[in-house]
Amino acid sequence: MRLPALLLPLSLLFTSLLAQSISTPTTHTLQISAWPLPAASSTPLARITYSYPSLNASIDSWTPPSPPTAKPKPDRGGAGDTDLVRIGFHDPVTQHWHGVVTSAASFDPQFQRRVSLHVDGKGVVFHVGFAAWRTAGGNGKQEPEVEVVPMRRGPEPVLNKPVVVSEDGKVEGAVAEKTFLQKYWWALALFILVQVVMGGGDK
Ligand SMILES: *[C@@H]1O[C@H](CO)[C@@H](O)[C@H](O)[C@H]1NC(C)=O
């Protein structure tokens, strides 16, 4: 009778441990804005929901800014300097804008677009990237692709690595220095050979 009484708390403990070990992805929503640079303020561009750490994302809404009014400059043959759009999000805490500047022509329907959310180790977005490219068929989908980019550790130098000395006083991992004779035996041999040959010539 004592064993079944023990089994219930044990199985409860086990299931709670199991639940803790499987980390459930947290879902975040980010509002991205577009800010055409001549304009006074930004307008909503996209609402993106993403999960971390599973890094999948979906677009809840997409409102591209109206394409720029064509005003070709004869000297440049292209879009004017002011046809730029800031894309990103505004951090209400730091009051900073995080994002990129792109050409307003990126919102032309002939382009395919991609929004990149760069997330830190806690899944919080710290940077927004944007790319647009001409598709083969020439009719890009209206909604952009979304990718969630996690932070990666860069290469690090090994500093202050302790020097390990083995029992016989040698530094472990170090290549044993060759002795002078091991290094320059060939020079010594050559020197002796020259002496022998020259000495033989005198006779
Ligand atoms: C990501 O995938 C998980 C598991 O398939 C799902 O529960 C979650 O809703 C997805 N997140 C988004 C933003 O689509």
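Nothing here was measured: the structure is a model prediction, and the numbers come from that model.

Cut-off values and rules
- Residues numbered from 1 in each chain as written.
- Predicted model: local features only at pLDDT ≥ 70, side-chain atom pairs only at ≥ 80, totals over all residues.
- Heavy atoms only, no water.
- Helix = DSSP H or I, 4+ residues; strand = E, 2+ residues; numbered from the N terminus.
- Buried < 20%, exposed > 50% of the residue type's maximum accessible area, 1.4 Å probe, protein only.
- Contact = heavy atoms within 4.5 Å.
- Pairing = 2+ DSSP bridges.
- Axes fitted to C-alpha atoms, helices over the stretch in contact; angles between N-to-C directions.
- Core = buried A, V, L, I, M, F, W, Y, C linked by side-chain atoms within 4.5 Å.
- Phe/Tyr/Trp six-rings, centres within 6.5 Å; stacked < 30°, edge-to-face > 60°.
- Lys NZ or Arg CZ within 6 Å of the ring centre and 35° of its normal.
- Near = heavy atom within 4 Å.
- Polar contact = N/O pair within 3.5 Å; in protein donor to acceptor, adjacent residues only side chain to side chain.
- Nonpolar A, V, L, I, M, F, W, Y, C, P; charged D, E, K, R; others polar.

Draft legend 1. Geometry of the environment of Ile59. Take Ile59: it is sitting in strand 3 (residues 57-62). Assessed through its relative accessible area of 16%, Ile59 is described here as buried. When neighbours within four sequence positions are excluded, Ile59 is seen to be in contact with Arg47, Ile48, Glu143, Pro144 and Val146.

Draft legend 2. A look at the sheet that holds strand 2 (residues 43-52). Strand order in the open sheet made by the 5 strands is 3-2-1-4-5, with antiparallel pairing throughout. The sheet is open, and its two borders are formed by strand 3 and strand 5 (96-103), each paired with just one other strand. For this sheet, the mean angle separating the axes of adjacent strands, direction not counted, is 25°. Where strand 1 (residues 26-36) lies against strand 4 (residues 84-91), 4 bridges are found, and the strand directions are antiparallel. Bridging from a neighbouring strand, Trp35 pairs with Arg86 of strand 4.

Draft legend 3. Spatial organisation of the nonpolar core. Core analysis: the biggest nonpolar cluster contains 22 residues, and Leu30, Ile32, Leu45, Leu117, Val125 and Val128 have the highest contact counts within it. Secondary-structure elements contributing two or more residues to this core are strand 1, strand 2, strand 3, strand 4, strand 6 (111-119) and strand 7 (125-134). Excluding residues that lie within four positions of it along the chain, Leu117 makes contacts with Leu30, Ile32, Ile48, Tyr50, Val125, His127, Val128, Val146, Glu147, Val148 and Val149.

Draft legend 4. Inspection of the packing of aromatic side chains at higher detail. On inspection of all chains with the given rule, the structure shows 4 aromatic pairs. Geometrically, the ring pair formed by Trp35 and Trp97 is edge-to-face, given 5.4 Å between the ring centres and 70° between the ring planes. Within this pair, whereas Trp35 is found in strand 1, its partner Trp97 is found in strand 5, the two being separated by 62 residues in sequence. By relative accessible area, which is 22% here, Trp35 ends up partly exposed. Ring centres of Phe180 and Tyr184 lie 5.0 Å apart, and the angle between their planes is 50°; this geometry places the pair in the tilted category. A residue pair is termed a helical-turn pair when its members lie 3 or 4 positions apart in one helix, as Phe180 and Tyr184 do in helix 2 (residues 180-202) at 4 residues. Of the residues examined, Tyr184 reaches a relative accessible area of 39% and is grouped as partly exposed. Ring-pair connections join several aromatic residues into one group, and the members of that group are Trp62, Phe107 and Phe130. A cation sits over an aromatic face here: Arg86 above Trp35, 4.5 Å from the ring centre.

Draft legend 5. Seen up close, the site of the ligand. Residues in contact with the ligand, as listed here, are Thr49, Tyr50, Ser51, Asn56 and Ser58. Within the side chain of Asn56, one N or O atom sits 2.3 Å away from an oxygen atom of the ligand. Considering only residue class, the shell around the ligand consists of 1 nonpolar, 4 polar and no charged.

Draft legend 6. Looking closely at the pairing of strand 3. As paired strands, strand 2 and strand 3 are joined by 5 bridges and run antiparallel to one another. For Ala46, the partnering residue across the bridge sits in strand 3 and is Trp62.

Draft legend 7. Local environment of the sheet that holds strand 7. With mixed pairing, 3 strands are arranged side by side in an open sheet as 7-6-8. Sheet topology places strand 7 and strand 8 (145-150) at the edges, where each strand pairs with a single neighbour. For this sheet the average axis-to-axis angle between neighbouring strands, irrespective of direction, equals 20°. In this structure, strand 6 lies alongside strand 7, joined through 9 bridges in antiparallel fashion. Along strand 7, the bridge assignment pairs Gln112 with Trp133.

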